[in-house]
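Each chain is listed here by its residues.
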Amino acid sequence: MTQADIDIAKGAAAPSPYVPRMARILSADQMTETERFFRIEMEDGQPLGYEPGQFVEVSVFGMGEAPISISSSPTQGKGFELCVRNAGTVTGALMKFGKGDRLGIRGPFGNHFPYEEMKGEDVLFVAGGLGLAPTRSLIRYCLDNRKDYRSVTILVGAREPKLLLFRDELDAWTKRQDAQTLVTVDRCGPDWKGCTGVITRLFKRVKLDAAKTWAVIVGPPIMFKFAVLEALAEGIRENRIICSLERHMKCGVGKCGHCQIRGVYVCRDGPIFTYEQVKRLREGI
Amino acid sequence: MLPRVLKAEDLAGWVGAIQKERVVRGPVLKETSPSDRTPHFSWETIREPSDLALDYALTVLGPKKFLWPPRQALVTYRLGGDPKPEAVVKHEPQVLFGAHPCDATAIATLDAAFAKDVADPHYLARRAATAIVLVDCEKPCDETSFCLDMGSLYPEAGYDLALTPIEGGWFVETKTELGKRLRDLGKTREAKKSDMEARQAFVERKRAGFHLKLPFDVKYLPEILDESYDSLVWEAIARRCFSCGSCNTTCPTCYCWDVADVIAEDLGSGTRVRRYDSCQLDPFAEVAGGENFREHRASRLRHRMYRKGKFILEQTGRSGCVGCGRCERACVSHISIRETFVQIAGNR
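Residues numbered from 1 in each chain as written. Chains lettered and ligands numbered in written order. Predicted model: local features only at pLDDT ≥ 70, side-chain atom pairs only at ≥ 80, totals over all residues.

Thoughts on the overall build of chain B
- A count of helices and strands for chain B gives 11 helices and 12 strands.
- What you see for chain B is a C-alpha radius of gyration of 22 Å, in line with the 20 Å of a compact globule of 348 residues.
- The principal-axis extents of the C-alpha atoms in chain B amount to approximately 65 × 60 × 50 Å.
- Evaluated residue by residue, chain B yields a buried proportion of 45% over its 348 residues.
- Within chain B, residue pairs in contact and separated by at least 24 positions form 74% of the contacts whose partners lie at least 6 positions apart. (Helix = DSSP H or I, 4+ residues; strand = E, 2+ residues; numbered from the N terminus. Rg over C-alpha atoms; globule rule 2.2 N^0.38 Å. Buried ≥ 20, exposed ≤ 12 C-beta atoms within 10 Å, placed from the backbone. Contact = placed C-beta atoms within 7 Å.)

This is the structure we're talking about:
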């Protein structure tokens with residue numbers, strides 16, 4: 001038998017990567033008008049076994065699947081958390097899901113934030129809109145292992161105050177002595193007391209030690225471009241600017257083709273990339 | 001395993017014997033119309049062994065459709081409180097009887113794509129239950145094919161048994177154990193010196209019948225593609241492209257898919273189905289937020305050409321294009337992958 005024949009025979013007997021495992025919703029909160037936040041546990045009692053920055057495929061049976069970033073850090077215990085925006089059939093259906101409801105989960109998929117390499121250094125988070133959902137997994141990880149990192153700076157932006165995610169946590173982070181958190185909104189009413197303007201304007205309000213800083217930038221493509229420009233202008237190295245790319249990963253295992261950017265499958269080789277990698281992809285952002 | 005010879009009149013009996021063990025799929029002659037007398041062939045499930053038309057040339061869809069059907073159930077589940085999702089993995093034993101060298105080569109590419117990294121048992125179980133009988137070609141299907149360039153004219157994988165037409169019958173060469181089992185179901189005799197010479201004469205006619213069409217060795221294709229990423233050639237060709245996806249549908253190595261949940265009529269259960277998708281269609285790289293990462297036709301066309309000439313090769317070690325010419329024949333505006341490869345080589 002040739003190697004190809006052996007691979008076929010072995011693969012024919014392999015478990016299907018497309019069958020979801022059952023999970024149960026422990027709690028659900030409507031975070032904004034369009035975003036719902038879930039804490040979930042696998043029903044077989046096994047931990048999901050994920051790393052900060054990975055994603056799962058969430059199944060609503062009868063509707064389909066959607067790729068969702070994990071918002072929690074593995075330091076937060078056995079379950080995991082998802083922040084879901086109502087943007088399609090599956091995520092629309094999820095808006096009606098609550099405590100005790102059951103879901104299908106596949107994954108976790110993809111690579112993760114390079115939290116080991118970042119140890120002993122400064123970390124700058126720049127999260128715009130729903131970009132805070134995947135970024136929070138690493139923010140929580142760094143705050144839960146605070147002594148492993150030097151300074152922690154968190155910049156968060158949203159279009160308006162009512163669209164801000166994780167508002168309670170933003171307040172708690174702002175009060176911390178061992179981290180600097182700044183929140184801005186593009187536009188606001190008179191009751192907003194915080195910063196206004198695009199997120200890049202917050203760069204002027206923080207002091208960075210560029211040679212020792214990792215910048216984690218996650219947000220809509222337009223924000224990403226301008227935030228990377230600011231980070232580069234501060235002197236941060238290209239291979240220390242980290243982002244998480246959004247694609248419609250349908251299979252999660254590098255086959256269906258939907259998340260492919262040139263030779264890269266975002267679901268398998270990403271979603272976490274350095275700016276150095278992304279700029280070579282060209283179709284990346 | 002020594003070659004054997006099957007007499008032409010014993011072919012139907014052999015196919016009939018195989019049919020007792022497995023479903024036989026092969027090329028058959030489709031009906032012709034009074035206005036169009038050219039014979040058209042198609043890959044179908046064979047009922048009568050005499051329907052098998054091994055002297056066929058072109059098919060719109062190759063044998064891929066029996067390994068990678070347009071719709072495939074992946075997972076079934078119940079609706080309501082307890083879904084109990086289960087994988088649907090089918091193992092119907094079949095033989096693809098009469099695959100041309102390009103299609104066998106393409107199947108070997110699909111095999112590699114589905115076996116690598118995370119194995120896809122839905123494809124591989126079907127594949128493991130499939131035997132492939134190759135029928136060799138003496139001349140190119142038509143002017144669009146460039147299989148010699150793409151290295152698919154002399155396949156080294158993707159089949160179990162190879163048939164070469166010789167005077168009065170078939171020269172039968174066995175590649176795998178499964179091929180030998182199939183062969184032994186038929187009435188064959190040992191190949192004699194004169195059969196070997198007939199086979200050799202075929203090989204020489206074949207060698208004389210095919211000509212290289214690319215102005216460069218295909219090993220340079222990934223590099224040539226790499227250097228033409230920013231060329232205006234993509235926009236120029238894309239002017240003619242309707243983004244219809246016919247190229248993907250007919251391609252023997254295309255395997256991108258979309259997923260849909262289909263609910264049973266009694267609303268009691270559902271099936272998660274995968275179905276052909278096309279990287280040429282506008283929403284292919286669109287995300288939920290509305291961003292489309294390959295919004296322009298030219299970028300989608302370039303993506304396909306890169307997949308065929310570079311990405312699949314880099315991912316699987318096997319070419320994503322076998323030079324069969326199906327995409328060009330299917331294209332309403334005659335966009336030719338071969339001419340595109342020629343053009344970018346000249347444009348550097």
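Now, onward.
Some details on the packing of helix α1 (residues 3–12) of chain A against helix α2 (residues 101–115) of chain B
- At a minimum axis distance of 10 Å, the contact between α1(A) and α2(B) shows a crossing angle of 50 degrees. The angle between α1(A) and α2(B) falls in the class oblique. In this structure, α1(A) meets α2(B) at a crossing whose hand is left-handed. Listed contacts from α2(B) to A:Ala4, A:Asp7, A:Ile8 and A:Gly11 of α1(A) are B:Ala108, B:Asp111, B:Ala112, B:Phe114 and B:Ala115.
- Within the contact of α1(A) with α2(B), the residues separate by chemical class into 6 nonpolar, 1 polar and 2 charged. (Axes fitted to C-alpha atoms, helices over the stretch in contact; angles between N-to-C directions. Parallel < 35°, antiparallel > 145°, perpendicular 65-115°, else oblique. Left-handed = near helix turned anticlockwise from the far one by under 90°. Nonpolar A, V, L, I, M, F, W, Y, C, P; charged D, E, K, R; others polar.)

Here's the deal with unusual backbone geometry
Residue and element names in this part refer to chain A.
- Of note, the amide linkage connecting Gly107 to Pro108 takes the cis form, showing an omega dihedral of 5 degrees.
- Looking at the secondary structure, you find Pro108 in strand β6 (residues 102–109).
- In this structure, Pro271 follows Gly270 across a cis peptide bond, with omega equal to 5 degrees.
- Structurally, Pro271 is set in the loop between α6 (266–269) and β15 (272–274).
- The phi dihedral of Phe166 falls on the positive side, at around 50 degrees, and the residue is not glycine.
- Checked against the element boundaries, Phe166 lands in the loop between β8 (152–158) and α4 (167–175).

A closer look at the environment of A:Ala215
All names here are of chain A.
- Within the secondary structure layout, Ala215 lies in strand β11 (residues 213–218).
- For Ala215, a count of 27 C-beta atoms within 10 Å corresponds to the buried category.
- Along the primary structure Ala215 and Asp171 are separated by 44 residues, whereas in three dimensions their C-alpha atoms are 22 Å apart.
- Filtering out sequence-adjacent residues up to four positions away, Ala215 remains in contact with Leu124, Val126, Ala231, Ile236, Arg240, Ile241 and Ile242.

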